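Spelled out from the first residue to the last, the chains are:
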Amino acid sequence: MRSVAPGRSNSADLLLGTAVAAFTALQGIIVVAGKSERWAGHWASTSAALNWTTVWGCCIVSAAAAWLVASARRHHYEDLIQTSSRSRFRVYRASLLAVALGSLSGYTVVLAYMVSTTRPQATHGHLNLLEVATTAASVLLAIGLGSAVGRVIPARIAPISAAVVPYVLYMLLVYGDAYGGSILFSDISLSDQVDRTYLRMPAELLLGRAVFWAAVGVSLLCCAMLAGRVAFIAVLVASFGLSAVLLTAGVRLEDAAEYRAICFSGRPTICVDRAHEHVADEYVRRIRTGAAAIPGMDLAATTVVPHEDPNWQSQLQQSAESPASQVLFVPIIKHNTSPAHQIDPAALDAAFGAAMFLKPCQQEAAASGETGMTDQIRMAVTLYGWWLTTKNMPLDGSNYPGELDVRSVTAGDPVTAAALDHFSSLSTTDQAMWIKMNQDRVSKCRALPPA
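The written sequence of each chain sets the order in which its residues are numbered from 1. Where local features are concerned, this predicted model is filtered to residues with pLDDT of at least 70; where side-chain atom pairs are given and counted, the filter is 80 or more; whole-chain, interface and lining totals use all residues. As a rule here, side-chain values come from all non-hydrogen atoms in the structure, and water together with hydrogens is ignored.

1. Quick notes on the domain arrangement of the protein
As a reminder, the rule being used: Domains are outlined according to an automatic or database domain assignment. Contact between two residues is taken to exist if any of their heavy atoms lie within 4.5 Å; hydrogens are not considered. As a working definition, buried area equals the accessible area (1.4 Å probe) given up by two parts on being put together, with both sides summed. A carboxyl oxygen of Asp or Glu within 4 Å of a side-chain nitrogen of Lys or Arg is what we treat as a salt bridge. Each polar contact in these results corresponds to two N or O atoms within 3.5 Å; when the atoms are within protein, one needs to be able to donate a hydrogen and the other to accept it, and residues that are neighboring in sequence are counted only if both atoms are side-chain atoms.
For the protein, the assigned domains are domain 1 (10–254) and domain 2 (262–443). Contacts between the two partners involve 16 residues from domain 1, matched on the other side by 15 residues from domain 2. Each partner contributes to the roughly 1200 Å² buried at the junction of domain 1 and domain 2, and carbon and sulfur atoms together form 50% of this total. Of all residues in domain 1, Glu37, His124 and Tyr198 give up the largest surface area on contact with domain 2, accounting jointly for 47% of the area buried on that side. Connecting domain 1 to domain 2 are 0 salt bridges. Connecting domain 1 to domain 2 are 8 residue pairs in polar contact (both at pLDDT 80 or more).

Right under this line is the structure:
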């Protein structure tokens with residue numbers, strides 16, 4: 001007969017570990033794939049993105065650990081364990097080890113997916129193992145939380161309660177950061193929201209955070225296993241980890257090399273920073289395609305850049321072959337992220353049209369204090385609406401976050417609506433002739449609406 005005695009590895013432990021691995025990998029891939037524009041192709045961001053999966057991963061592991069520890073009370077053999085000469089560690093170690101290994105295996109699958117996505121695109125950098133250490137620490141934390149809950153909460157609801165605890169802990173840190181006014185809450189969280197595109201977390205903070213959460217998990221596990229002396233030592237270790245976080249909380253290291261400008265000559269000249277070099281080929285191709293789609297427009301003295309960050313403006317001027325008479329800011333957009341590490345083609349096309357026709361006039365109107373519909377704004381909206389129409393894109397402001405709703409503007413201003421209809425009805429030759437004759441006035445918002 002096959003033994004199923006607690007403390008010995010059996011098929012049930014293997015099945016549970018496999019289930020934990022599968023669920024951890026599945027939720028992890030879903031989480032990071034849904035935010036791929038924030039990390040794919042950029043090693044620093046990829047390293048930190050794995051920590052986004054720890055919130056739900058902890059819930060899974062914590063529930064499994066609670067189910068295991070509470071099984072003795074659920075099946076009424078708790079008294080046998082209490083009177084046994086074997087320690088609780090020996091009773092539960094095989095089962096909890098299976099859960100821990102299953103969780104680590106699931107995270108390994110997620111990391112492999114992220115590495116396989118980033119490696120073909122990345123142009124520099126490497127995986128930061130200190131960022132990954134936080135994920136490994138989360139496994140010990142979840143085991144400790146689940147074991148403690150499995151000891152004190154009624155056996156039937158222990159797994160559910162344990163699954164909720166990590167999420168509640170995470171949300172308390174989020175609200176503490178939002179309303180407490182202390183950066184400590186954000187920096188000590190397993191899943192921080194610091195963008196790694198240009199900033200780095202200090203190694204002391206990353207290591208201290210991993211040590212803190214791992215030691216907290218070990219202390220909770222030891223308390224659940226009635227090993228008070230080891231739990232006390234773990235608490236001391238956790239205090240050392242916390243002290244490292246307290247000393248470095250809020251510290252950010254700027255990676256100046258990521259601002260280095262990389263320019264591509266042509267019409268127009270296109271520059272990206274080193275952090276987004278992995279999307280440069282697609283960015284250049286789409287901008288050049290968009291530029292070619294504007295008949296009569298000469299962009300020889302125009303430079304297109306993805307953002308207006310002042311930290312790299314001097315490098316941009318040094319990298320340019322000749323000074324540009326016009327600089328267009330066309331952000332790399334995907335979902336709500338900008339500058340993103342992936343390109344949404346429709347959003348980029350819309351942003352290019354807005355940079356060409358709309359934003360310069362909006363900025364000039366704001367600088368001069370003008371409100372309402374002026375001839376210059378009507379011209380800008382007309383040309384932008386025409387651009388969206390030629391690209392078969394919606395006019396309702398849904399192409400990227402913060403886009404102007406052209407449809408609402410034309411509905412409220414018949415003059416703009418008539419100008420848009422008239423210009424769209426012109427032949428390509430007539431459109432090219434008007435744009436060529438008025439290019440300077442268009443760029444300076446001095447042209448009247450096409451009529």
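2. Some points on the environment of glycine 385
Quick note on the threshold: Helix and strand assignments come from DSSP, with helices taken as H or I runs of at least 4 residues and strands as E runs of at least 2, each series counted from the N terminus. Working definition: with a 1.4 Å probe on protein chains only, accessible area under 20% of the residue-type maximum means buried, over 50% means exposed, and in between means partly exposed.
Checked against the element boundaries, glycine 385 lands in helix H14 (residues 375–390). Under the relative-accessibility criterion, glycine 385 is labelled buried at 0%. Residues glycine 385 and leucine 184, 201 residues apart in the sequence, show an inter-C-alpha distance of 47 Å. Apart from residues lying up to four places away in sequence, glycine 385 is in contact with Leu395, Val406 and Leu420.

3. Details of the state of the cysteines
The condition is simple: The disulfide criterion is simple: two cysteine sulfur atoms within 2.5 Å.
Summed over all chains, the structure comprises 1 disulfide. For cysteine 263, the disulfide goes to cysteine 271, at an S-S distance of 2.0 Å. Handedness here is read from the sign of the S-S torsion; for cysteine 263 and cysteine 271, about 105 degrees, the answer is right-handed. For the unlinked cysteine cysteine 58, the closest cysteine sulfur is that of cysteine 59, found at 7.1 Å. Among the residues examined, cysteine 58 registers a relative accessible area of 3% and is labelled buried. No disulfide involves cysteine 223; its nearest neighbouring cysteine sulfur is the one of cysteine 222, lying 7.1 Å away. You can call cysteine 223 partly exposed: its relative accessible area is 49%.

4. Quick word on a nonpolar patch on the surface
Condition: Patch membership requires more than 30% relative accessible area and the absence of a salt bridge. Residues of like charge join within 9 Å; the nonpolar side chains Val, Leu, Ile, Met, Phe, Trp and Tyr join within 5 Å. Under the convention used here, a 1.4 Å probe and the Shrake-Rupley method define accessible areas, while residue burial counts only the protein chains that appear.
Together, Leu207, Val211, Phe232, Ile233, Leu236, Val237 and Phe240 make up an exposed nonpolar region whose accessible area comes to about 660 Å². Elements with a contribution of two residues or more to the nonpolar patch: helix H9 (203–224) and helix H10 (228–248). No other element matches the 5 residues that H10 contributes to the nonpolar patch. Of note, leucine 207 is situated in helix H9. According to the relative accessible area criterion, leucine 207 is partly exposed, its value standing at 45%.

5. Remarks on the nonpolar core
For the record, the criterion: In these notes, a set of buried Ala, Val, Leu, Ile, Met, Phe, Trp, Tyr and Cys residues joined through side-chain atoms within 4.5 Å is what counts as a nonpolar core.
Core analysis: the biggest nonpolar cluster contains 51 residues, and Tyr283, Val330, Phe352, Phe357, Tyr384 and Trp387 have the highest contact counts within it. Here this core takes 12 residues from helix H13 (residues 345–368), the largest share from any one element. Contact partners of tyrosine 283, with chain neighbours within four places excluded, come to Ile270, Cys271, Val272, Val304, Val305, Pro306, Val330, Ile332, Ile343 and Leu348. In terms of nonpolar packing, the next biggest core, distinct from the first, is built from 35 residues, Val61, Ala72, Ala100 and Ala210 among them.

6. Considering the pairing of strand E5 (residues 302–305)
So the rule is basically this: Two strands make a pair as long as DSSP finds a minimum of two bridges between them. The path from the first strand over the helix to the second decides the hand: if it runs clockwise while the strands point away from the viewer, the crossover is right-handed.
Neither face of E5 is open: one carries Thr302 and Val304, the other Thr303 and Val305, and all of them are buried. Bridge count between strand E4 (residues 269–273) and E5: 2 bridges; the pairing is parallel. Following the sheet pairing, isoleucine 270 is matched in E5 by valine 304. Between E4 and its parallel partner E5, the chain crosses via helix H11 (residues 280–292), and the hand of that crossover is left-handed.

7. So, the pattern of salt bridges
Scanning the entire structure with this criterion turns up 11 salt bridges. Its salt-bridge partner being glutamate 258, residue arginine 200 comes within 3.9 Å of it at the nearest N-O pair. Here arginine 200 is found in strand E1 (residues 199–200), whereas its partner glutamate 258 is found in the loop between strand E2 (253–254) and strand E3 (261–264), with 58 residues between them in sequence. Since its relative accessible area comes to 1%, glutamate 258 is described here as buried. In this structure, glutamate 258 engages arginine 274 in a salt bridge whose closest nitrogen and oxygen atoms are separated by 3.4 Å. Note that glutamate 258 is positioned in the loop between E2 and E3 and arginine 274 in the loop between E4 and H11, a separation of 16 residues in sequence. Three or more residues joined by partner-sharing salt bridges are found here, namely Glu131, Asp192, Arg196 and Arg209.

8. What to know about the sheet that holds E3
The strands making up a sheet associate through backbone hydrogen bonding, with each pair oriented either parallel or antiparallel. The line we're drawing: Every axis in this analysis is a line fitted to C-alpha atoms, fitted for helices over the stretch in contact. Angles between the N-to-C directions lie between 0 and 180 degrees.
A sheet is described by the order of its strands in space; here 4 strands give the open sequence E3-E4-E5-E6, paired in mixed fashion. Whereas interior strands pair on both sides, the edge strands pair on one side only; in this sheet they are E3 and strand E6 (326–329). Ignoring which end each strand starts from, the neighbouring axes of this sheet average 25 degrees apart.

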